[in-house]
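Topology and contacts: notes
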Amino acid sequence: MHTASHKTLWIKHPLACWTGNEQDASNGVVIQGDTIVELVAKNATPKLEIAQVFDASQQVILPGLINCHHHFYQTLTRAIPSALNQELFPWLKSLYPIWANLDDEAIYASTQLALAELMLSGCTTAADHHYVFSHIMPHAIDVQVEAAKTIGGRVTLTRGSMSLGESAGGLPPDSVTQSDQTILSESDRLATQYHDSSAESICQIALAPCSPFSVTPDLMRETAKLAKQKDLLLHTHLGETEDENDFCVQQFGMRPVEYLADVGWLNQRTWLAHGIHFDPEEIKTLGHACVGVCHCPTSNMLLASGTCKTLDLQTAGARVGLGVDGSASNDGSNLVQEVRQAMLLQKLHYGSAQFTHIDALKMATQGSASLLHRPELGEIAIGKKADLALFGLNEARFSGNGDPIAALVLCGAHQADYVMVAGQWTVKQSELVNADLQDIMARHKVAADKLNKRF
């Protein structure tokens, strides 16, 4: 029996509530602890006794948005002149030498800044792909764990890696590569130290060799074995450009999806970033294996990489989620804006009626939750975790709208009014609750200036 002493919170009378399912929460959501315990239908009142009330009459309620692919450190190198107007390989080559000088302070500042920016956009869970390690920054993930705690969201931090340097035919400079042994032992340590697989988890670890052109097949195979042993997810870039396809054929004698099968990654433990350049047979193969794909529309447009065939992948059985990708190939970390970009790009590819604002919202919620194997997240339903994003519609851009949920996406929402993670407010009145954004930005600017001056 629920009583008022359990601190039930009724977020009541929203402008609209999109649950992500067929259930009606038109009159709000009841939270107890970190869990959703009741949905209040239109014209109804809660059955449970209520201890606290939050008036959401000026807000639209969404499930917390989930970002499945990012590179937090890249917030330090936005709009760098040498990288402008480039496609992926030359873009990377212009930035690798700068990233080689990252240090712990830079990682801490960039992680805080990226997570703050995401949180303010309604993102409650974020996966980061950190793959640059060097002698001045051997323990970047440990630093990220500490930085993430200061913002208050959930994270999946992936232990990325690069082991195939220029001298061995890879793309990155040797200075930012590590030996397979170092990578695997560090991956093991981080999983043991930080991975929490529970439904309440705030921090999870996944393993993420960077890409076919920056790691060895042996590392891919050994990482897959370690992930199975530790019950961890696997993540990598795949199918992002035709250059990558050509590299795989030349280096390994097979296309990327064949390569994925060859190294033991073709299973539901795996989620891929980008997934653009797959032919119909490869899409079937990925779907049959229940591999996940993270769509990164803005980055794919900026680098002119191409368009992910999201509906084809879903039809084949693949899980599809959404990511903002690195802030040096997006120049932003705003997930609600990425929802709009996904909708626009997929309409352009499939036709306006074939991909809707609801399809885009589902990709950023349930779709992303399925990529990260977090079934307790991504929708508003009884028993799910109380991760919510509340958006106001009192800006000029929304004036005259006929559908509040459609308006959020079509009219271009960019900042949440309130955000809740595990039943706790992390954003109130568009300001972070747990951290000082001005302080974060000041330290981030120092780190960015130092990094770019050093280069």
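What comes next is a walk through the structure. (Residues numbered from 1 in each chain as written. Predicted model: local features only at pLDDT ≥ 70, side-chain atom pairs only at ≥ 80, totals over all residues. Heavy atoms only, no water.)

**A closer look at unusual backbone geometry**
One non-glycine residue with positive phi stands out, namely H13, at about 55°. Summarising the element assignment, H13 is placed in the loop between β1 (9-12) and β2 (16-17). On the basis of relative accessibility, which here comes to 36%, the residue H13 falls in the partly exposed class. In this structure, A422 takes a positive phi of about 55° despite not being glycine. The residue A422 is located in the loop between β16 (418-421) and β17 (424-428) in this model. (Helix = DSSP H or I, 4+ residues; strand = E, 2+ residues; numbered from the N terminus. Buried < 20%, exposed > 50% of the residue type's maximum accessible area, 1.4 Å probe, protein only.)

**Points about the layout of surface pockets**
Computed from the structure, the largest pocket encloses a volume of approximately 260 Å³. Considering the residues around the largest pocket, the lining is formed by 18 residues, among which H195, Q204, D231, L233 and H373 are closest to the centre. The element that contributes the greatest number of residues to the lining of the largest pocket is strand β10 (residues 203-209), accounting for three residues. Counted by class, the lining of the largest pocket contains six nonpolar, eight polar and four charged residues. Of the pockets and cavities examined, the second largest pocket occupies roughly 200 Å³. (1 Å grid on protein atoms, 1.4 Å probe; cavity = no way out; pocket = protein on both sides within 12 Å on 5 of 7 lines; lining within 4 Å. Points joined across faces, edges and corners; volume = space filled by probe spheres on them. Nonpolar A, V, L, I, M, F, W, Y, C, P; charged D, E, K, R; others polar.)

**As for the packing of helix α4 (residues 180-194) against helix α5 (residues 217-230)**
Packed helices, taken two at a time, are described by the angle between their axes plus the distance between the axes. Viewed as axis vectors pointing N to C, α4 and α5 meet at an angle of 20°, and their least axial separation amounts to 11 Å. On the basis of the axis angle, α4 is roughly parallel to α5. With respect to the hand of their crossing, α4 and α5 are arranged in right-handed fashion. Between α4 and α5, the residues in contact are D180, I183, L184, S187, D188, A191 and T192 and D218, L219, E222, T223, L226 and K230, respectively. Among the residues forming the contact of α4 with α5, the class breakdown is five nonpolar, three polar and five charged. (Axes fitted to C-alpha atoms, helices over the stretch in contact; angles between N-to-C directions. Parallel < 35°, antiparallel > 145°, perpendicular 65-115°, else oblique. Left-handed = near helix turned anticlockwise from the far one by under 90°. Contact = heavy atoms within 4.5 Å.)

**Digging into the packing of aromatic side chains**
For any pair of aromatic rings, the description rests on two quantities: the centre-to-centre distance and the angle between the ring planes. On inspection of all chains with the given rule, the structure shows 11 aromatic pairs. Measuring from centroid to centroid gives 4.7 Å for F89 and F213, while their planes differ by 65°, and the two rings are edge-to-face. Of this pair, F89 sits in helix α1 (residues 88-99) while F213 sits in the loop between β10 and α5, and the two are 124 residues apart along the sequence. Take F89 and F213: they sit in the same class, and that class is buried. With a centroid separation of 5.9 Å and 75° between ring planes, the pair formed by W91 and W99 is classed as edge-to-face. Here W91 matches W99 in class, with each residue buried. One aromatic cluster is present, built from ring pairs that chain together Y73, W91, Y96, W99 and Y131. Its guanidinium or amino end placed over the ring of W10, K12 lies 5.6 Å from that ring's centre, counting from NZ or CZ. In this structure, R159 is placed above the aromatic ring of F133, and the distance from its NZ or CZ to the ring centre is 3.6 Å. (Phe/Tyr/Trp six-rings, centres within 6.5 Å; stacked < 30°, edge-to-face > 60°. Lys NZ or Arg CZ within 6 Å of the ring centre and 35° of its normal.)

**Quick look at the sheet that holds β1**
If you walk across this open sheet you meet the four strands as β4-β3-β1-β5, and the pairing is mixed. Both outer strands of the open sheet, β4 (35-39) and β5 (52-55), are each paired with one neighbouring strand and no more. The average angle at which neighbouring strand axes cross in this sheet is 25°, direction not considered. Where strand β3 (residues 28-32) lies against β4, four bridges are found, and the strand directions are antiparallel. Bridge pairing in β4 links I31 to I36. (Pairing = 2+ DSSP bridges.)

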